[in-house]
Amino acid sequence: MFQTITQTNGIVSLAWNIMPGTKYQLQYNTDLSSTNWLNLGSSVTASNATVSAFDSMTNKQSFYRIMLLQ
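Residues numbered from 1 in each chain as written. Predicted model: local features only at pLDDT ≥ 70, side-chain atom pairs only at ≥ 80, totals over all residues. Heavy atoms only, no water.

## With respect to the pairing of strand S3 (residues 23-29)
Next, step 1: Across the seven residues of S3, six count as buried, placing the element largely inside the fold.
Next, step 2: With two bridges connecting them, S3 and strand S5 (residues 44-45) associate as antiparallel partners. If you follow lysine 23 over to S5, its bridge partner there is threonine 45.
Next, step 3: Bridge count for S3 against strand S7 (residues 63-69) is seven bridges, and the pairing is antiparallel. Its bridge partner lying in S7, glutamine 25 is registered against methionine 67.
Next, step 4: As defined by bridge partners, S3 adjoins strand S4 (residues 38-39) across two bridges and the pair is classed as antiparallel. Directly across from glutamine 27, in S4, lies its bridge partner asparagine 39. (Buried < 20%, exposed > 50% of the residue type's maximum accessible area, 1.4 Å probe, protein only. Helix = DSSP H or I, 4+ residues; strand = E, 2+ residues; numbered from the N terminus. Pairing = 2+ DSSP bridges.)

Any functional reading would require information that these geometric values do not contain.
Below is the structure:
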């Protein structure tokens, strides 16, 4: 679950808690009725309990999700 989501000067900042050592992939979609989620960056293994990511909001409404990977 996202802990904070902020937007400043066209940049969205997302932060969430995660277990260190957990591998995840942040994804986004501009249409919630679509099942075609796109990766935002590469998959990452968390080194801390809190992780942050950023996305530019260039003329789009976006929805985000975090996929835990095995």
